Amino acid sequence: INLKKEKYCLEPPENLKLFFNYLSCIKYTFDLNKIYMDKIEKIAEEIKWPLNSKILAVQIRRGETCNKEGTISDRPYFTLEQYIDKIDIMMEKNNYNYIYISTDSNEEIDKIKNIRPKWKLLYLPIKREDFFRLKGDSVSSLIDLEVNCSNNPDKIPFIVDTALYDLYFISKCQGYISTMSISHFSLLGWYLQIAEQEKITPYINMNTEPLDMTNKNLLLFINLY
């Protein structure tokens, strides 16, 4: 694609060649069919997706991974205030016009509206109460998304469709905040964004683990899929 546009392409460093090959594979693979694209176009029209605007994507997963208080969780839990602190940094540094919120929680969207009423938010117009929610008051109550889907196969279309919609709109943004170093979904969103925007986009990883884009890490990531 770059050659067709007559752009000058630098040879990537040897230790990152696999990363750029992987981005090319993702760009090629994530080619949604007409059925999905028709649905996405309707969603974009409904939420008034802004063209030619800088948009920051923020992924806040709750659902079956934690309780609403955050006292029970199967991964490091970050409060909404912690997310907002990071959004403030990205907004100050990059002057985004809109914020796309990828989340399975209506509560988080409502809280953001209340705390930062001047922010222009975008989010999927879906029934978030249809996502799996943690039931119980102990760690033993946690059930993986895959297990939930196996036990409730009628929910699979909703889970898959909303995931694809989120990934598509995340790719159309120019920045990203998420738990990228522990979530394959989050990392895939950023990779799709890089491939779509054709540059390394600004990001904040909520977790402390560093992002490793060298051969060893990518081979592991590829094998997981």
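What comes next is a walk through the structure.

Reading the values: the criteria
- Residues numbered from 1 in each chain as written.
- Predicted model: local features only at pLDDT ≥ 70, side-chain atom pairs only at ≥ 80, totals over all residues.
- Heavy atoms only, no water.
- Helix = DSSP H or I, 4+ residues; strand = E, 2+ residues; numbered from the N terminus.
- Buried < 20%, exposed > 50% of the residue type's maximum accessible area, 1.4 Å probe, protein only.
- Contact = heavy atoms within 4.5 Å.
- Areas by Shrake-Rupley, 256 points an atom, 1.4 Å probe, with all protein chains shown as cover.
- Salt bridge = Lys/Arg side-chain N within 4 Å of Asp/Glu carboxyl O.
- Core = buried A, V, L, I, M, F, W, Y, C linked by side-chain atoms within 4.5 Å.
- Arc of directions from axis to C-beta.
- Phe/Tyr/Trp six-rings, centres within 6.5 Å; stacked < 30°, edge-to-face > 60°.
- Lys NZ or Arg CZ within 6 Å of the ring centre and 35° of its normal.
- 1 Å grid on protein atoms, 1.4 Å probe; cavity = no way out; pocket = protein on both sides within 12 Å on 5 of 7 lines; lining within 4 Å.
- Points joined across faces, edges and corners; volume = space filled by probe spheres on them.
- Nonpolar A, V, L, I, M, F, W, Y, C, P; charged D, E, K, R; others polar.

Attention now moves to the overall build of the chain. When helices and strands are counted, the chain shows eight helices and five strands. Beginning at the N terminus, the succession of helices and strands in the chain can be written as α-α-β-α-β-α-β-α-α-β-α-β-α. In the chain, which comprises 225 residues, the proportion classed as buried is 42%. A fraction of 72% describes how many contacts in the chain between residues 6 or more apart in sequence connect residues 24 or more apart. When the accessible surface of the chain is split by element, carbon and sulfur atoms take 53% of a total near 13,300 Å².

As a further point, take the pattern of salt bridges. Counted by the stated rule, this structure contains seven salt bridges. Linking lysine 17 and glutamate 14 is a salt bridge whose minimum nitrogen-to-oxygen distance equals 3.2 Å. Lysine 17 gets classed as partly exposed once you look at its relative accessible area, which sits at 27%. Taken together, the shared-partner salt bridges in this structure form one network comprising Lys27, Lys172 and Glu196.

If you look at the biggest cluster of nonpolar residues, it comprises 30 residues, and the most contacted ones within it are Trp49, Tyr100, Phe169, Trp190 and Tyr191. Elements supplying a minimum of two residues to this core: α1 (17-29), α2 (34-46), β1 (55-60), α6 (156-171) and α7 (184-197). Leu56, Val58, Ile112 and Ile204 belong to the second-largest nonpolar core, a separate cluster that totals 20 residues.

When helix α4 (residues 106-115) is considered as a whole, its buried residues turn out to be Glu108, Ile109 and Ile112. Down the axis of α4, the sector holding all buried residues measures 100 degrees, keeping them to one side.

Our next topic: the packing of aromatic side chains. Inspection of every chain in the model, using the stated rule, returns eleven aromatic pairs. With centroids separated by 5.3 Å and ring planes inclined at 85 degrees, the aromatic side chains of tyrosine 168 and phenylalanine 169 adopt a geometry described as edge-to-face. Here a set of aromatic residues connected by ring pairs shows up, and it is made of Phe19, Phe20, Tyr22, Trp190, Tyr191 and Tyr203. Sitting above the plane of the tyrosine 36 ring, lysine 39 keeps its charged end 5.6 Å from the centroid. Between the NZ or CZ atom of lysine 54 and the centre of the ring of tyrosine 96, over which it lies, the distance is 5.2 Å.

Glancing now at empty space enclosed by the protein. Scanning the entire structure with this criterion turns up one cavity of 30 Å³ or more. Quantified by volume, the largest cavity comes out at close to 110 Å³. For the largest cavity, the full set of lining residues is Arg61, Arg62, Thr65, Cys66, Ser73, Arg75, Pro76, Tyr77, Phe78, Tyr83 and Thr179. A per-class count over the lining of the largest cavity returns five nonpolar, three polar and three charged.

By volume, the largest pocket amounts to about 950 Å³. Around the largest pocket, the lining comprises 33 residues; the ones closest to its centre are Arg61, Leu145, Glu146, Ile159 and Phe185. Ranked by the residues each element gives to the lining of the largest pocket, the list is headed by α6, at six residues.

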